[in-house]
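Fold and contact review
Now for the letters of each chain:
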Protein chains: 2
Amino acid sequence: MKPKIEDVAKLAGVSPTTVSRVLNNRGYISQKTKDNVQKAMNELNYFPNDLARSLFNKRTYLIGLILPTTSNPFFGELTFHIENICASLGYKVLLCNSLNRIDKEEQYAEMLMRNQVDGIIVGTHNQGTFHYHKQNLPIVAIDRYFSNTIPVVGSDNYAGGKLATEHLLSKGCKKIIHFNAPLQIEAPGQLRRTAFEDVLKKHHMEPVTYEIETPLGHEGQKEVIQKAFGEIPDVDGVFASNDLIAAVVINEAKKRGIDIPNRLKVVGYDGTETGKIMMPQLTTIQQPIDLIAKTAIEILRKEIDGEFGTAPYETQLPVTLLEGKTT
Amino acid sequence: MKPKIEDVAKLAGVSPTTVSRVLNNRGYISQKTKDNVQKAMNELNYFPNDLARSLFNKRTYLIGLILPTTSNPFFGELTFHIENICASLGYKVLLCNSLNRIDKEEQYAEMLMRNQVDGIIVGTHNQGTFHYHKQNLPIVAIDRYFSNTIPVVGSDNYAGGKLATEHLLSKGCKKIIHFNAPLQIEAPGQLRRTAFEDVLKKHHMEPVTYEIETPLGHEGQKEVIQKAFGEIPDVDGVFASNDLIAAVVINEAKKRGIDIPNRLKVVGYDGTETGKIMMPQLTTIQQPIDLIAKTAIEILRKEIDGEFGTAPYETQLPVTLLEGKTT
DNA sequence: CTGAAAGCGCTTACAG
DNA sequence: CTGAAAGCGCTTACAG
């Protein structure tokens, strides 16, 4: 059996109250009993039961993290940073891969509530889920709008879309197409598309966007891309809404013997560490993943600590153009 | 305030005991009171507090997952599969990114114990950490040897190393070098190296292995690779112990104007989804990540359910050669 | 400086 | 079929 506070107390010849006090370094305790208790704890290899503590304190130091999937390098890296920062602050992360499925999201939301998490970070697609679940549980969204009471953190998607599109134009592209997630998803990511359209219109060019499902449904993605190449044979520029899509585009172009960057220029989005290593040649818009993680947690902590209204409703972090050899 | 069982009981006009019974579907209860209680729960938007439940049941359905970092696509995908399977079985995942740092691992191990996890899955480097922490807490290791009481799950590393090396030989390589993690790390992954050496020796060739740190310390990795190119200018084959290293090798070769696959052939290791999309041309040894996850959880569950001795000490899952255009 | 008592929100024998 | 009581392992007023 695991030792409990009572066992330590007995061994040290004190009351459980006293053990608890040295555990929490609270109230006055003589150095002598302190030492005694410490010795007893070591001897028994005692570790406090955080469940019992949390039950009493109504504070678990547990954070729920809901994302589409850590298989995607963007989310894998985001998860790393979030967990890492949380750990440094004494928080623990309960991981949830929702695959953007609303049924899973709902299950996860309930699970997190039952586990009394102190707060939730959501980076998943579907909105609405949290409207009713949220019984003033601190939440912060990453790159997703849920409601106007839930703060959103993300990178400056409009600037990113603009940067990408203008870059393609500056490189001489005349026929640019964009691949993005379906419109019904109300993510700030759609601003990339808006920026793309705005810039092209300003240059009197017709913006064409193909919608593509984002979870790694590789096959479906390929089809859309093939269709695009078929319908717009004179395409000479592609702005992909993430690096994986850019990779598929590049590969498809290679198969068709289309030279990159001479006949076709491609800009991706995300600029993950993995992407930079695996595709060092890719021109892409880099998101500050670590900063997104840091900011989201800062805002969540403020909410948890009851500092409402302090956090900005929306935070847009700066993006960078990483110029490679695909443009 | 969150409603508790007592509130539901009052509203439904029954005792807490009865509410608990309908919650757990336990013992005899009339359909009528069952309905009453259900109605009261809905009305109050009641969710049971799993902390309190777990405290009593001594079962949290929490699994600790310790890995180097989800930033690495192999671990990002492994994490996804593990969490996904856990969720389908009613388990929740507490994520820990140790970065292979022994101090972090120790902290995480203690944290997991305090949180009363039902079991731990470790895919991290350092051994020894769990020798004393482990007070018969169910543990399963992924590709790491800890002690002979902790089951290990991984892919067939020897077969993988053999497959990779023989493939390079069959493609006519005469001077093959291998990049792997430092030897002191006692991971089954070292079997890839052993296989490499065995095969080359059998063919009367001298095996050369360069040691490379695995966490994404990109810069350090690059240096080792540059050094290798400098020292062995006639290298015509590389077996890299993961796809990220393979990517750096390929990039370095390109910079030096070394044509792949004509002058240099490269085989990677892992074959992640991300890798397959970002580097579709790479020849690599694919690990069955989903199977590794599934097997690890199966074994852990057996341990949790007290079926000791049932689980094999070591499980080696089959690997596949994915032939691309780099060989 | 230290301890006995009550309580965090739940569950399960034990009665009835 | 239903309820009162005790307890999971901890903590915190309240006394002393």
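Remember, it's a predicted structure, so these values are computed and weren't measured experimentally. (Residues numbered from 1 in each chain as written. Chains lettered and ligands numbered in written order. Predicted model: local features only at pLDDT ≥ 70, side-chain atom pairs only at ≥ 80, totals over all residues. Heavy atoms only, no water.)

1. Observations concerning the protein's contact with DNA strand C
Residues in contact with DNA strand C amount to 25 residues; listed here are only the nearest, Thr17, Thr18 and Lys58 of chain A together with Ile5 and Tyr46 of chain B. Backbone atoms, meaning sugar and phosphate, make up 66% of the atoms of DNA strand C lying within 4 Å of the protein. Take Ser20 of chain B: an N or O atom from its side chain is 2.7 Å from a phosphate oxygen of DNA strand C. When contributions to the surface near DNA strand C are tallied by element, the ones reaching two or more residues are α2 (16-24) and α4 (50-57) of chain A together with α2 (16-24) and α4 (50-57) of chain B. Ranked by the residues each element gives to the surface near DNA strand C, the list is headed by α4 of chain B, at 4 residues. Residues that form the surface near DNA strand C fall into these classes: 10 nonpolar, 10 polar and 5 charged. (Near = heavy atom within 4 Å. Polar contact = N/O pair within 3.5 Å; in protein donor to acceptor, adjacent residues only side chain to side chain. Helix = DSSP H or I, 4+ residues; strand = E, 2+ residues; numbered from the N terminus. Nonpolar A, V, L, I, M, F, W, Y, C, P; charged D, E, K, R; others polar.)

2. Remarks on the nonpolar core
Counting residues in hydrophobic clusters, the biggest one holds 55 residues, and the most contacted among them are Phe179 of chain A together with Phe179 and Leu264 of chain B. Apart from the residues lying within four places of it in its own chain, the contact partners of Leu264 of chain B are Phe229, Val235, Asp236, Gly237, Val238, Val249, Ala253, Ile258, Asp259 and Thr326 of chain B. (Core = buried A, V, L, I, M, F, W, Y, C linked by side-chain atoms within 4.5 Å. Buried < 20%, exposed > 50% of the residue type's maximum accessible area, 1.4 Å probe, protein only. Contact = heavy atoms within 4.5 Å.)

3. Looking at the domain arrangement of chain A
Each assigned domain of chain A is listed here: domain 1 (5-48), domain 2 (57-153 + 289-315) and domain 3 (157-288). Computed from C-alpha coordinates alone, the two centres of domain 1 of chain A and domain 2 of chain A are separated by 36 Å. (Domains from an automatic or database assignment.)

4. A few points about the packing of α2 of chain B against helix α3 (residues 31-44) of chain B
Residues and elements named next belong to chain B. Running from N to C, α2 and α3 point in directions that differ by 90 degrees, and their axes come no closer than 10 Å. The pairing of α2 with α3 is recorded here as roughly perpendicular in orientation. Contacts between α2 and α3 pair Val19, Val22 and Leu23 from the former with Lys34, Val37, Gln38 and Met41 from the latter. Taken together, the residues that form the contact of α2 with α3 break down as 5 nonpolar, 1 polar and 1 charged. (Axes fitted to C-alpha atoms, helices over the stretch in contact; angles between N-to-C directions. Parallel < 35°, antiparallel > 145°, perpendicular 65-115°, else oblique.)

5. A few points about the relation of the copies chain B and chain A
Note on the chain copies: they are related by a rotation about an axis and a translation along it. Superposing chain B onto chain A takes a rotation of 180 degrees combined with a translation of 0.0 Å along the rotation axis, leaving an RMSD of 0.1 Å. Each copy turns onto its partner about a two-fold axis. Counting the interface residues of chain B, we find that 100% of their copies in chain A are interface residues as well, pointing to one common contact surface. (Least-squares fit on C-alpha atoms with pLDDT ≥ 70 in both.)

6. Details of the interface of chain B and chain A
Across the boundary between the two partners, chain B contributes 58 residues, which contact 58 residues of chain A. For the chain B and chain A pair, buried surface summed over both sides reaches about 5,200 Å², with 63% attributable to carbon and sulfur atoms. Its largest share of buried area at the contact with chain A, chain B owes to Leu51, Ile277 and Met278 of chain B, together 15% of the area lost on that side. At the boundary of chain B with chain A, the tally comes to 0 salt bridges. Across the contact surface, chain B and chain A share 18 residue pairs in polar contact (both at pLDDT 80 or more). (Buried area = accessible area lost by both parts, 1.4 Å probe. Salt bridge = Lys/Arg side-chain N within 4 Å of Asp/Glu carboxyl O.)

7. A word on the UniProt feature "domain: HTH cro/C1-type" (unreviewed entry) in chain A
Those places that UniProt annotates as "domain: HTH cro/C1-type" (unreviewed entry) correspond, in this numbering, to residues 6-47 of chain A. Helix makes up 71% of residues 6-47 of chain A and strand makes up 0%, while its end C-alpha atoms are separated by 12 Å. (UniProt positions renumbered as here; feature names shortened; annotations may be inferred.)

8. So, unusual backbone geometry
Where the residue is not glycine, phi is negative for most of them; where a peptide bond is considered, it is trans in most cases. With an omega dihedral of 10 degrees, the bond running from Ile260 of chain A to Pro261 of chain A counts as a cis peptide bond. Its place among the elements puts Pro261 of chain A in the loop between α11 (243-255) and β9 (265-270). Look at Tyr61 of chain B: it is not a glycine, yet its phi comes out positive at around 60 degrees. Residue Asp143 of chain B is not a glycine yet carries a positive backbone phi of 60 degrees.

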